[in-house]
Amino acid sequence: IRESATLTRDVLEQHFNDLKGTLKKLLDERLMSLLQEVDAIEQDSIKPLDECQKLIEHGVSTADDLLREGESAVHGDVGQQNEKLCSFTKKALHIQLDSLPEVPSLVDVPCLSAQLDDCLLTILKNQIFRHGTVASRPPVQLEEFVEKPGGILVRWCKVDDDFIPQDYRLQYRKSTASHFEDVYVGSETEFIVLHIDPNVDYQFRVCARGDGRQEWSPWSVPQIGRTTLVPHEWTAGLEGYSLSSRRNIALRNDSQSCGVLYSKAPTYFCGQTLTFRQVLSGIETVGQPDRRDSLGVCVEQQNGYDSLQRDKAVCISTNGAVFVNGKEMTNQLPAVTSGSTVTFDMEVVQLGPSSNEGGNFKLRVTISSNNREVVFDWVLDQCCVSLYFGCSFSYPGWKVLVF
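The rules behind the values
- Once a new chain begins, its residue numbering starts again from 1 and follows that chain's sequence as written.
- A pLDDT threshold of at least 70 governs which residues receive local features in this predicted model, and a stricter bar of 80 or more applies before side-chain atom pairs are shown or counted, although totals over entire chains, interfaces and linings include all residues.
- Where side-chain values are given, they derive from all heavy atoms of the structure, hydrogens and water being excluded.
- UniProt positions are given in the numbering used here, feature names are shortened, and annotations may be inferred rather than shown by experiment.
- Note on aromatic contacts: the rings of Phe and Tyr and the six-membered ring of Trp form a pair at centre separations within 6.5 Å, being stacked when their planes are under 30 degrees apart, edge-to-face when over 60 apart, and tilted otherwise.
- Only runs of H or I of at least four residues qualify as helices and only runs of E of at least two qualify as strands under DSSP, and these elements are numbered from the N terminus.
- Exposed residues in this analysis have more than 50% of their type's maximum accessible area, buried residues have under 20%, and partly exposed residues fall in between, with area computed by a 1.4 Å probe over protein chains only.
- As a reminder, the over-ring test applies to NZ of lysine and CZ of arginine, requiring each to be within 6 Å of the ring centre and within 35 degrees of the ring normal.
- Note: two strands are recorded as paired if DSSP finds a minimum of 2 bridges between them.
- Here a cavity is any set of points on a 1 Å grid over the protein atoms alone where a 1.4 Å probe fits but cannot get out, and a pocket is any open set with protein on both sides within 12 Å along at least 5 of 7 lines; a residue lines the site when it has an atom within 4 Å of a point.
- Grid points are joined across faces, edges and corners, and a volume is the space filled by probe spheres set on the points.
- Salt-bridge detection follows one rule: a side-chain nitrogen of Lys or Arg within 4 Å of a carboxyl oxygen of Asp or Glu.
- Only the stretch in contact is used when a helix axis is fitted, and all axes are lines through C-alpha atoms; the angle between N-to-C directions ranges over 0 to 180 degrees.

- The name given to the chain in an unreviewed UniProt entry is Cytokine receptor-like factor 3, with the source organism recorded as Spizaetus tyrannus.
- For the chain, the Function (unreviewed entry) comment in UniProt is given as "May play a role in the negative regulation of cell cycle progression."
- The heading Sequence similarities (unreviewed entry) in the UniProt record of the chain holds the text "Belongs to the cytokine receptor-like factor 3 family."

Things to note about the packing of aromatic side chains
- Following the criterion strictly, the structure yields eleven aromatic pairs and no others.
- Centroid distance phenylalanine 145 to phenylalanine 204: 5.3 Å. Interplanar angle 45°. Geometry classified as tilted. Here phenylalanine 145, found in strand β1 (residues 140-148), pairs with phenylalanine 204, found in strand β6 (residues 202-210); they are 59 residues apart in sequence, far enough to count as distant.
- When its relative accessible area of 25% is taken as the criterion, phenylalanine 145 is described as partly exposed.
- The interplanar angle of 85° and the centroid separation of 5.9 Å between the aromatic rings of phenylalanine 276 and phenylalanine 344 together place this pair among those described as edge-to-face. With phenylalanine 276 in strand β12 (residues 273-278) and phenylalanine 344 in strand β17 (residues 341-349), this pair connects stretches of sequence that are 68 residues apart.
- For phenylalanine 276, a relative accessible area of 1% puts it in the buried group.
- Above the ring of tryptophan 219, the side-chain terminus of arginine 205 is found at 4.1 Å from the ring centroid.
- In this arrangement the basic side chain of arginine 310 is found over the ring face of tyrosine 305, its NZ or CZ atom lying 5.5 Å from the centre.

Considering the pairing of strand β20 (residues 386-392)
- Across the seven residues that make up β20, a large majority, six, are buried.
- In the sheet, strand β10 (residues 261-262) pairs with β20 via two bridges, with the strands oriented antiparallel. Residue pairing in the sheet places tyrosine 262 in a bridge with glycine 390 of β20.
- With two bridges connecting them, strand β11 (residues 268-269) and β20 associate as antiparallel partners. Looking across to β20, one finds that phenylalanine 269 is bridged to serine 386.
- Two strands pair when backbone bridges link them, and strand β13 (residues 294-298) and β20 are joined in this way by five bridges, in the antiparallel orientation. Each residue of the ladder has a partner; that of cysteine 298, found in β20, is tyrosine 388.

Section: the layout of surface pockets
- As a volume, the second largest pocket reaches approximately 460 Å³.
- Lining of the second largest pocket is provided by 13 residues; of these, Leu27, Leu116, Asp117, Leu120 and Leu121 occupy positions nearest its centre.
- Put simply, the parts of the chain that give the lining of the second largest pocket at least two residues each are α1 (2-75) and α3 (119-130).
- The element contributing the most residues to the lining of the second largest pocket is α1, with five residues.

Some remarks on the pattern of salt bridges
- Under the criterion given, the structure shown has 16 salt bridges.
- Aspartate 201 is paired through a salt bridge with arginine 226; the nearest N and O atoms lie 2.8 Å apart. Of this pair, aspartate 201 sits in the loop between β5 (190-194) and β6 while arginine 226 sits in the loop between β7 (223-225) and β8 (241-243); the two residues are 25 residues apart in sequence, bridging distant segments of the chain.
- Overall, the relative accessible area of 29% leaves aspartate 201 in the partly exposed class.
- By relative accessible area, which is 36% here, arginine 226 ends up partly exposed.
- Two residues, lysine 264 and glutamate 233, come together in a salt bridge whose shortest N-O distance is 3.7 Å. Of the two residues, lysine 264 sits in the loop between β10 and β11 while glutamate 233 sits in the loop between β7 and β8, which places them 31 residues apart along the sequence.
- Through salt bridges with shared partners, one network takes in Glu144, Arg155 and Glu190.

Notes on the sheet that holds strand β21 (residues 399-402)
- Taken together, the seven strands give an open sheet; going across it, the order is β8-β9-β21-β12-β17-β18-β19, and neighbouring strands pair in antiparallel fashion. The two strands at the open ends of the sheet, each matched to only one other strand, are β8 and β19 (372-380). On average, adjacent strands in this sheet sit at an angle of 20° to one another, irrespective of strand direction.
- Across nine bridges, the pairing between strand β18 (residues 361-369) and β19 is antiparallel. Pairing of serine 369 across the sheet is with arginine 372, part of β19.

The structure is reproduced here in structure tokens:
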């Protein structure tokens, strides 16, 4: 409670400080704009009046000079009087003392004033008092973490019955990191977060967006999840396959060499779900299918085979055929295409006290593909609870993600 309250205070203070800074900037910009408008009107309006004033002052100065010259002619010497009067008369005839420049009428002269609407404060006050809310309980909460090899399946649920979600937003971070990052946005209520380092704590949180709304709800209480399972990896170095940097994606390349690409180690344990997903490899479709293609699990790596359709292995071909110890079952699943997801689930079925000591050992296998599944018992002659996985493709273009 204290941690979330402190975080909420920090968010509120930061938000309103940002608002104050933005509002001050906007008000300053508006004030500057209005002052510039006043300056422009003043300059445009005063210019003709200044010119008129200069003409009038020049005319008055000229008339004053002529008047002084006339007075000098009248009161001067008699001998020079006639000459001065003659000069005065000529100047008086050339100067139009009765003419004035055109003066703008009073109605055409601007009179500036500021028009300020006091209702702005009322509008702002009402908006500010309604801005922001404090929620004590988020409408969604994290519900469950399920360990996956190199990943965590995160599930969440809605806890507010009155809230109608449209989308969910899941974020995570390492416990040593300072910032959360988005890992999923969508309508589902679970998501497998991959690229998780084993035995490292990660923090998760989720929020939701109401139906028809743009803003996100408050975050759920952050919770810590971790996985102790090492990530699934393909074996590097096999000619015919190119691997991603994390070695969880295998691409059948153009090499003519063919064979089975196995996992680096027997990292698939009974009781878990093993998932293969076909992804695009930069082209619109997957590679050409072949009856020898296979995705599946096996007891041990056996080189020299070009398919998992052999003893001590169960697999599905790209045409949907299921093989157990090299024999094709009558039940068939949908064909594997671009975007298809194939899952393997296994659990141990005990046949007796000697089943763990070398006798018959049975695994209950469920293979699912495109919303269909087959279930069968796989009988082995040895105890085996951890298995290798593998794939084989005859033609380039197939790209498989395993998790």
